[in-house]
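Here is how the chains run, residue by residue.
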Amino acid sequence: MIADLVLLVYALSILSLAGSFLSNRISLILLALASGVFAIYGATNLPSGIFSLVAGIVWTLVSMYSLVHYNNKWLTMILSGTVLGIIAVLTSSNYVEFLAGWETMTLFSFGGIGLYKKDWRPALTFLAFGELSTALLISGFALAYSMTGSLSFEDLSSPLPLIITSMGFIVKMGIFPFLVVEWLPIAHGNARSDLSAILSATMTMTGIYGIFKMETLSPVSMYLGIFLLLIGAFSNLFGALYSYVSDHVKGLLAFSTIENNGSMLALLGSLELVYGNLREFVMFSLLTYLIAHSLAKTGLFLSTGYIEGESLTTAKAFRHGLSVLGTVLMTMSMSGLLPTIGGIATWSLLESMFMEAITLPHLINIVPVIAGIMIGMGEGFATGALARFTSYTQLTRQKGKRYGIILTVSGILLLVTMGLAYLLSPFNTNVSQLGVGLNSLISSQYQRAFGGISPLYVLIVWPIIALVIYLSLGRRKIRVVDTWDNGSGQGFRYTSFGMANNLRLMLRALLRTKTGSLETSADIFWQAMLVLVRSYTKFSRLFSRSFMNSSITWYMIYMIVAIILIMVITL
């Protein structure tokens, strides 16, 4: 039956791709059907099928949104082709199928980014990093083939293929050090909202899936685990920091994607360091984070389709009461607030760091402590960034009313999938003396119980407390006053840029904030990249003039040294 579902998914997605030449509507309906079947396929293979389940739900939402709002057969074709590539990645049984899907996904996305705004520079940046990722994957897969003699996914005797391919997957996820060029925000900012949702929610998810797949085939590598944990935590912190100070509608969300990918990368690193009950809990944390990020980021990027303008300060948004509710729920989830599944994911991530600090050997246990500090700070910045996004796109500067049912559904799903978190949780229990029953306490354990959380309890109690406060105090009373403009009489208002200025000024030594008529922040990553490139160029010029200067003496020395090295290596 599972094989039949996969064949049906491929048939429907290929028909959707071909049908885009005939009818935009038919193509999107077929894509929605393929996505729904793919979600069913994932649901029949839990917990490993969670990647397919989440991807299927995301694509169904995106297809229905595009069906209502867009009518461009070329961009619809690109949407279908990108989805087809990701399907091939998630259902591949060997390295060739994986690479074929990876390249299909990359090339179609490249076309979508370039065609939307008729500007191919961002698309070429995206393609350059996509091909760098592919080159690293080919190298790692070739090494794996040399070990096993098979192109199928088989157990490996060395972690080296995992290490090489992890670098390739990290490129696709926009993780440090590849966030230095900000290719992910550039790509999202120049793609249509439906393609941006797929890029953020499922294309970067293939990087998570790829590392996880290779980890299941490779022996444990403590050093790789430490590396992934620290790089992931660092990316979480700086992704959230740059999300907070960004005033670009999609740029803020793209940096938020980097932050979330960093969290999941840290959990992938933890899988290399822990075992037993703690490994089960870390796996639970990874899967819940995957669900939370993919569903919320889908809805948030689709919400940008209702926004006119690229700057949060000047943007105007179409909105509706239920759409606002959906968006608020999505930002709550991305802020790590209960009772959404994002709250469960954030709690379990930090809980994993605490338990690793207790259970790992001395000196190594300082790594999760450092990572936990960076992740905790990053979560704080992320909450501020998403509160700013909601405030300036849903609660102010209304342009008109348009009912976005997909946004409402996306937000509600983050509450509904709380039930899925209970199914995935390895440890559920009761605390009857605190009124927590129905086996609704999700607990964390390493060798014994460590902590717990009850999203269901919060979901039930939260409305009751709100109702009691409302009945006690009545309707809220709001006093509106003019914005203080220092007596200038110009009637300034509190802008999105100004809301983030506290952080720009407090971290001006790090962000290189320049104070003038308008505070602006330099990009320290770009500056570091420029310094590195200039230093390398200077070194190359000096080396070429000193040693590669057409001198026969130096060439004779090279030949002698090369012969000696070959003899030593051969012997």
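Being a predicted model, the structure only gives us computed values, none of them experimental.

## Some words on the overall build of the chain
The helix and strand inventory of the chain stands at 23 helices and 8 strands. Contacts in the chain between residues at least 24 apart in sequence constitute 76% of all its contacts with a sequence separation of at least 6. Here the chain has roughly 25,300 Å² of accessible surface; of this, 68% comes from carbon and sulfur atoms.

## Considerations on the packing of aromatic side chains
For the structure on display, the rule yields 18 aromatic pairs. Here the aromatic rings of F98 and F153 are separated by 6.5 Å at their centres, their planes lie at 90°, and the arrangement is edge-to-face. Separated by 55 residues along the polypeptide, F98 in helix 5 (residues 95-117) and F153 in the loop between helix 6 (120-148) and helix 7 (160-173) bring together distant segments of the chain. Both residues of the pair, F98 and F153, count as buried. Consider the rings of F98 and F169, whose centres lie 5.8 Å apart with planes at 75°: the pair is edge-to-face. A residue pair is termed long-range when its members are at least 10 positions apart, and F98 in helix 5 and F169 in helix 7 qualify at 71 residues. Note on F98: relative accessible area 2%, which makes it buried. We classify F169 as buried; its relative accessible area is 1%. Among the aromatic residues, ring-to-ring pairing joins Y95, F98, W102, F141, F153 and F169 into one connected group.

## Description of empty space enclosed by the protein
Considering all chains together, one arrives at 2 cavities of 30 Å³ or more under this definition. Taken together, L75, I78, L79, G112, R192, D194 and L195 make up the lining of the largest cavity. Among the secondary structure elements, those contributing two or more residues to the lining of the largest cavity are helix 4 (73-91) and helix 9 (193-217). No other element matches helix 4, which puts 3 residues into the lining of the largest cavity. Considering only residue class, the lining of the largest cavity consists of 4 nonpolar, 1 polar and 2 charged.

## So, helix 14 (residues 341-359)
Its 19 residues give helix 14 an end-to-end C-alpha distance of 27 Å, which sits within 8% of 27 Å, the value for a rise of 1.5 Å per residue. Burial within helix 14 is extensive, with 14 of its 19 residues counted as buried.

## Considerations on the packing of helix 12 (residues 276-303) against helix 14
Interaxial distance between helix 12 and helix 14 falls to 8 Å at its minimum, and their mutual angle equals 150°. In terms of their interaxial angle, helix 12 and helix 14 are classed as roughly antiparallel. Regarding helix 12 and helix 14, the two cross each other, and that crossing is left-handed.

## Focus on the environment of M374
Turning to its location among the elements, M374 is positioned in helix 15 (residues 366-395). Taking the C-alpha atoms as reference points, M374 and N236, separated by 138 residues in sequence, lie 7.4 Å from one another. Not counting residues within four places of it along the chain, the set of residues in contact with M374 comprises L230, A233, F234, N236 and L237.

## Quick word on the environment of Y457
Looking at the secondary structure, you find Y457 in helix 18 (residues 455-473). Distance from Y457 to L441, taken between C-alpha atoms, is 8.4 Å for residues 16 residues apart in sequence.

## Looking at the confidence of the model for the chain
Looking at the chain, pLDDT values average 80 and 86% of them are 70 or higher. Every residue in residues 516-522 scores below 50 in pLDDT, and together they form 18 contacts with partners more than four places removed in sequence or on other chains.

## Describing the pattern of salt bridges
The full count for this structure, using the stated rule, is 2 salt bridges. As a salt-bridge pair, D194 and R192 come within 2.7 Å of each other at their nearest N and O atoms.

Scoring rules and cut-offs
- Along every chain, residues carry numbers that run from 1 in the direction the sequence is written.
- Only residues with pLDDT of at least 70 are given local features in this predicted model, and only at 80 or more are side-chain atom pairs given and counted; all residues enter the totals for whole chains, interfaces and linings.
- Where side-chain values are given, they derive from all heavy atoms of the structure, hydrogens and water being excluded.
- For the purposes of this entry, the term helix denotes a DSSP run of H or I that reaches at least four residues, the term strand denotes a run of E that reaches at least two, and both are numbered from the N terminus.
- Whether two residues touch is decided by their heavy atoms; if any such pair falls within 4.5 Å, the residues are in contact.
- In these tables, accessible area is a Shrake-Rupley quantity obtained with a 1.4 Å probe, and a residue counts as shielded only by the protein chains included in the view.
- Between 30 and 60 degrees the pair is tilted, below 30 it is stacked and above 60 it is edge-to-face, where a pair is any two Phe, Tyr or Trp rings, Trp via its six-membered ring, whose centres lie within 6.5 Å.
- The rule is simple: take the accessible area with a 1.4 Å probe, protein chains only, and divide by the maximum for that residue type; under 20% is buried, over 50% is exposed, in between is partly exposed.
- Definitions used for this entry: grid spacing 1 Å over protein atoms alone; cavity, a set of points where a 1.4 Å probe fits but cannot get out; pocket, an open set with protein on both sides within 12 Å along at least 5 of 7 lines; lining residue, one with an atom within 4 Å of a point.
- Grid points are joined across faces, edges and corners, and a volume is the space filled by probe spheres set on the points.
- Amino acid classes used here: Ala, Val, Leu, Ile, Met, Phe, Trp, Tyr, Cys and Pro are nonpolar; Asp, Glu, Lys and Arg are charged; the rest, including Gly, are polar.
- To estimate how far a helix should reach, multiply one less than its number of residues by 1.5 Å.
- Axis lines are fitted to C-alpha atoms, over the contacting stretch for helices. Their N-to-C directions set the angle, which ranges from 0 to 180 degrees.
- These descriptions rest on fixed angle ranges, namely under 35 degrees for roughly parallel, over 145 for roughly antiparallel, 65 to 115 for roughly perpendicular, and the rest for oblique.
- For a crossing to be left-handed, the near helix must be turned anticlockwise from the far one by less than a right angle; the clockwise case is right-handed.
- Every residue is assigned a pLDDT by the predictor, reflecting its confidence on a scale from 0 to 100.
- One side-chain nitrogen of Lys or Arg within 4 Å of one carboxyl oxygen of Asp or Glu is enough to make a salt bridge.

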